[in-house]
Amino acid sequence: MSASQTSDVPTLLVKIFGKDRPGITAGLFDTLAAYSVDVVDIEQVVTRGRIVLCALVTEPPRGLEGDLRATVHSWAESLKLQAEIISGIGDNRPRGVGRSLVTVLGHPLTAEATAAIAARITESGSNIDRIFRLAKYPVTAVEFAVSGVETEPLRTALATEAAALGVDVAVVAAGLHRRAQRLVVMDVDSTLIQDEVIELFAAHAGCEDEVAEVTAAAMRGELDFEQSLHARVALLEGLDASVVEKVRGEVRLTPGARTLIRTLKRLGYQVGVVSGGFTQVTDDLKERLGLDFAQANTLEIIDGRLTGRVTGEIVDRAGKARLLRRFAAEAGVPLSQTVAIGDGANDLDMLNAAGLGVAFNAKPVVREAAHTAVNVPFLDTVLYLLGITREEVEAADTLDEGLGDGLGTHLDRL
C-alpha cells in the first residue's frame, strides 16, 4: 500500500522504549509480520543507551488488533521494554510549506538557549519536525528540521535571539541544493589563518604597530581598503625579499582548517581563497592545502627587495565578490550553490553574493549582515552548516591516520 493510499485508513502507532540492545528493531517487526501489516513510517532514536522506536503500521485484518496488541506487549516485557500502541487514521500530517534546516552551535549549548530558540521557531509560525545532533565536542551542534515558514523570515526571527543568547544559529533552505553547494571560497587573514599577513611582514620591517592600527580601521569599514592597502604596503619599502620565506613559515592555520578543506575535497567540493593579502603567501597555501583557486594582491619585488608597491588587479571588497563569481563560473557551479566565509568588512560583498555567507569570528558589522555567523574558533564547524556530522568527518579521517586536526586535536599548522 502506497503512502497516498494510507491517508484515510486506520493505522497503529507502535512505540517501544527502554534499554537499547541489538535486535530490538528486527524483533519488533518480526512480531508485527505475523499480522500482515504494512509499514507506513519508522523513527528510531538512541540516546545514552536508551532506545525510542516508533513504527506506524496499517491496522491488521479485522479481529486481530487485540491479539496484536497483546503479543507486542508480551514481546516487549520479555526484553524489559515498555510498549505503547495508539490507534489513529492515516499517515503523519503533511509538513507545512516552507522547509528549513536550523543549525544551532553552542559552547556549551544550554537548556535556556535551546528553549529560547525552540520558542522563537514556534512563535514564527513554524513547526519543528525533527531534531538531530551533528556534533558533541568541543561544540554541541544540533539541527532542527522546520516547516511552515519560508527561510528568510525564519532566519530574521532567529538572528536577534541567537545574538542575545550567545549561540550561533544558521538557517538554510532544506532540499537537494544543500548537498549540491560545490564551491567554498574563504578569506585568508583571520579566517583560513590566524594571522594578518601584512602584520607579519611589518614585524620584520619594524612598523608592526603602525600597520596594525591601519588594518584594524580598514576591517571595521572606517577606511577605504585600497587606500589603506597602499599606505600599509608603502611601509614595507626596502625589505629584503628573503622575508617572504620567513613569513610563510610564521603563518598559522586556524584550528580546523585542514579538516574543513580535506573533508570538502573528499565530498567533491572545489575550494578557493581570496585575500586582500598577498600572492606570495596565498600561492604557497594553495600548493600546501590542495586548493583549486587562489587570488590576492601581489607585492612588487625589484632587485631582491620590496618596493612598497603592489602590482596588478587590487583584491578589495568588490574584487572578492567578483572573484567569487569568476571561480563559480570556472567551476561550473551556480552562485546560489556557493559558500563564502570571511570575517571583515571587505568580505561583505562576497558573503552576500554567495548562496550561503558565513561570518567567521567576525566584526559586528559583518555578523549583522551575513547569512549566518560562527563565533567559535574552529573553522571546521562550517561543515555542520552543510549537514555533515562530526562522526562522518572522523570516520573519513580513519583513512588518513595522523592527519586529524581542528575540533579533535586543534593542531592545524603549516
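The residue numbering used here restarts from 1 in each chain and proceeds along that chain's sequence as written. The predicted nature of this model means local features are confined to residues of pLDDT at least 70 and side-chain atom pairs, given and counted, to a pLDDT of 80 or more, with totals for whole chains, interfaces and linings taken over all residues. Hydrogens and water are ignored here; the side-chain numbers use all heavy atoms of the structure.

The name given to the protein chain in an unreviewed UniProt entry is phosphoserine phosphatase, with Streptomyces lancefieldiae as the source organism. In its Pathway (unreviewed entry) section, the UniProt entry covering the protein chain states "Amino-acid biosynthesis; L-serine biosynthesis; L-serine from 3-phospho-D-glycerate: step 3/3." Listed under Cofactor (unreviewed entry) in UniProt, the entry text for the protein chain is "Mg(2+)". UniProt positions are given in the numbering used here, feature names are shortened, and annotations may be inferred rather than shown by experiment.

**As for the UniProt feature "domain: ACT" (unreviewed entry) in the protein chain**
Taken from the UniProt record, the annotation "domain: ACT" (unreviewed entry) applies to residues 13–91. Elements are defined by DSSP. Helices are runs of H or I of four residues or more, strands are runs of E of two residues or more, and each kind is numbered from the N terminus. For residues 13–91, helix accounts for 30% and strand for 42%, while the C-alpha atoms at its two ends are 10 Å apart.

**Describing the sheet that holds strand β3 (residues 50–58)**
Read from one edge of the open sheet, 4 strands run β2-β3-β1-β4, paired in antiparallel fashion. Each edge of the open sheet carries a strand with a single partner, namely β2 (39–47) and β4 (82–89). Taken over all neighbouring pairs, the strand axes of this sheet differ in orientation by 10° on average, direction set aside. Of the pairings in the sheet, the one linking β2 to β3 comprises 8 bridges and is antiparallel in character. Within β3, the position partnered with V46 by the bridge is I51. Contact criterion: two residues are considered in contact whenever any of their non-hydrogen atoms come within 4.5 Å of each other. A fitted line through C-alpha atoms represents every axis, and for helices the fit uses only the stretch in contact; the resulting angles, taken between N-to-C directions, go from 0 to 180 degrees. Across the sheet, helix α1 (residues 24–33) lies against β1 (10–19), β2 and β3, angled at about 25° from β3, the strand it touches most. The pairing criterion is simple: DSSP has to find at least two bridges between the two strands.

**Observations regarding the sheet that holds strand β8 (residues 168–173)**
Read across the sheet, 4 strands follow the order β6-β7-β5-β8 without closing on themselves; strand pairing throughout is antiparallel. Edge positions in the open sheet fall to β6 (127–135) and β8, since each of these has one partner strand only. The sheet shows a mean angle of 20° between the axes of neighbouring strands, direction not considered. Here strand β5 (residues 99–106) pairs with β8 via 6 bridges, running antiparallel. Each bridged residue has a counterpart across the sheet, and for V102 the counterpart in β8 is V171.

**Details of the environment of I86**
Examined against the element boundaries, I86 turns out to sit in strand β4. By relative accessible area, I86 is classed as partly exposed at 35%. Among all residues touching I86, those that are not within four sequence positions of it are T11, L12, L13, K15 and R69. Only protein chains enter the accessibility calculation, which uses a 1.4 Å probe; a residue whose area is less than 20% of its type maximum is buried, one above 50% is exposed, and one in between is partly exposed.

**Some thoughts on the nonpolar core**
For the purposes of this section, nonpolar cores are sets of buried Ala, Val, Leu, Ile, Met, Phe, Trp, Tyr and Cys residues that join through side-chain atoms within 4.5 Å. M186, L192, F201, L236, F278 and I341 are the most contacted members of the largest nonpolar core, which totals 64 residues. Considering each element in turn, this core owes the most residues, 5 residues, to helix α5 (residues 197–205). If we ignore the near neighbours within four places in the chain, the residues touching F278 are V197, I198, F201, L229, V233, A296, N297, L299 and V310. The next biggest cluster of nonpolar side chains, apart from the first, holds 22 residues, and it includes V185, L323, V366 and A370.

**Considering a positive patch on the surface**
Only residues whose relative accessible area exceeds 30% and that form no salt bridge enter a patch; like-charged residues are grouped when within 9 Å of one another, and nonpolar side chains (Val, Leu, Ile, Met, Phe, Trp, Tyr) when within 5 Å. For accessible areas, the Shrake-Rupley method is used with a probe of radius 1.4 Å. Any residue's cover is judged against the shown protein chains and nothing else. Put simply, a salt bridge is a Lys or Arg side-chain nitrogen that is within 4 Å of an Asp or Glu carboxyl oxygen. Counted as positive: Lys and Arg. Counted as negative: Asp and Glu, with His and the chain ends omitted from the count. A single reference atom marks each charge: NZ on Lys, CZ on Arg, CG on Asp, CD on Glu. A cluster of basic residues, K19, R21, R50 and K80, forms a positive patch on the protein surface. Here R50 lies in strand β3. Overall, the relative accessible area of 49% leaves R50 in the partly exposed class.

**Re the environment of I85**
The topology assignment puts I85 in strand β4. In this structure the C-alpha to C-alpha distance between I85 and C54, which are 31 residues apart in sequence, comes to 9.6 Å. Sequence-distant contacts of I85, defined by excluding residues within four places in its chain, comprise L12, L13, V14, L68, R69, V72 and H73.

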